[in-house]
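# Notes for the structure review
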Amino acid sequence: MNPLAKALLDVARGMTAARLSVGTAGNVSVRDDASEAGDFWVTPSGMVPERCEAADMTHVASDGSARGRRAPSSEWRLHRDVYAARPEVGAILHAHAPFATALACHRTDVPAFHYMVARFGGDSVRCGSYASFGTQALSDATVKALENRSAALMANHGMIVLAPDLDTLLDRAIELEMLCEHYWRARSLGEPPHLDEAQMREALVQFRWYGRPRPLDADPETSQ
């Protein structure tokens, strides 16, 4: 069995353990680095991760053909199209996390109420327009919402998070759900103040170094 399949299953189980999704909701994929054609591994359709084996993970080619003993997630088009649009992305998680989904059901972006919004690439986490699950329309809407971002909400549906690899994917998804919870709670007191353009620009510069070594004398104002 391909080691990516086992790693993929571990992340899917971690998603459940973190209560980002329950039951059969949600899906995870990882790009097949051995393929130059945009192939990927994805969790199977309609199966609880805790009842899966690594052999249940499905390999999907860029043309949509699947190989394995299970059918791929109904959202395989979404994963395929994100990989095609974003060559730097190595892993994708889609979940029906409680707070992210609550905001998505209101079809609201997460604005610059907190500097951690910059963690996901811009001054907001956008909410894409609604389309039925598993459709090309949903894929198109989500790819658009993800432009220059590493996460988005999906209207009346849930969240999607991108990462360069599986090792960082689950942590990013948990961070997004926490951010959504913070915004949900802050709004209970009224719409919170938003950081201005200059403040968010500074946060975005700082996040270029987030999780990476930086020389102690590097200037955060100018470092790229």
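Notes on the structure in this doc start here. All of these numbers come straight from a predicted model, not from anything done at the bench. All residue numbers refer to positions counted from 1 along the written sequence of the respective chain. Note on the predicted model: pLDDT of at least 70 is required for a residue's local features to be given, and 80 or more for side-chain atom pairs to be given and counted; whole-chain, interface and lining totals, by contrast, use all residues. Values shown for side chains rest on all heavy atoms present in the structure; no hydrogens or waters enter the calculation.

### A short note on helix α3 (residues 98–105)
Counting along an α-helix, one turn takes 3.6 residues, and residues three or four places apart therefore face a common direction. Restricting attention to buried positions, one finds in α3 the residues Phe99, Ala100, Thr101, Leu103 and Ala104. Should any heavy atoms of two residues lie within 4.5 Å, those residues are counted as being in contact. The helix and strand labels rest on DSSP assignments: H or I over at least four residues marks a helix, E over at least two residues marks a strand, and numbering proceeds from the N terminus. Where α3 is buried, its residues meet β5 (91–95), β6 (127–128), β7 (151–154), β8 (158–163) and α5 (166–187). Following α3 by one or two positions, Arg107 has its phi on the positive side, about 55°. For the exposure calls, accessible area comes from a 1.4 Å probe over protein chains only, and a residue counts as buried if that area is under 20% of its type's maximum, exposed if over 50%, partly exposed in between.

### Here's the deal with helix α2 (residues 76–85)
In terms of burial, α2 is largely enclosed, as seven of its ten residues are buried. For α2, the complete set of buried residues consists of Trp76, Leu78, His79, Arg80, Asp81, Val82 and Tyr83.

### Topic: the pattern of salt bridges
A pair can form between side chains of opposite charge whenever their charged atoms are brought close. Here, a salt bridge means any side-chain nitrogen of Lys or Arg that lies within 4 Å of a carboxyl oxygen of Asp or Glu. Tallying each qualifying case throughout the model produces eleven salt bridges. For Glu88, the salt bridge is made with Arg86, and the minimal N-O distance between the two is 2.6 Å. The class of Glu88 is partly exposed, set by a relative accessible area of 47%. Judged by its relative accessible area of 16%, Arg86 falls in the buried class. Put simply, Glu53, Asp56, Arg69 and Arg70 are held in one network by salt bridges that share partners.

### Describing the sheet that holds strand β1 (residues 27–31)
Two strands are counted as paired when DSSP detects at least two bridges linking them. Pairing is mixed across the open sheet formed by eight strands, whose spatial order is β4-β3-β2-β1-β5-β8-β7-β6. Each edge of the open sheet is held by one strand with a lone partner, namely β4 (66–67) and β6. Examined bridge by bridge, β1 and strand β2 (residues 40–42) share three bridges and lie antiparallel to one another. Bridging from a neighbouring strand, Arg31 pairs with Phe40 of β2. A fitted line through C-alpha atoms represents every axis, and for helices the fit uses only the stretch in contact; the resulting angles, taken between N-to-C directions, go from 0 to 180 degrees. Sheet contacts for helix α1 (residues 3–17): β1, β2 and β5; angle to β1, the most-contacted strand, approximately 150°.

### A few points about unusual backbone geometry
Backbone geometry at Arg19 places phi at a positive 60°, although glycine is not the residue there. Of the residues examined, Arg19 reaches a relative accessible area of 57% and is grouped as exposed. Residues other than glycine seldom take positive phi values, yet Asn156 does so here, at roughly 55°. As for its placement among the helices and strands, Asn156 is situated in the loop between β7 and β8.

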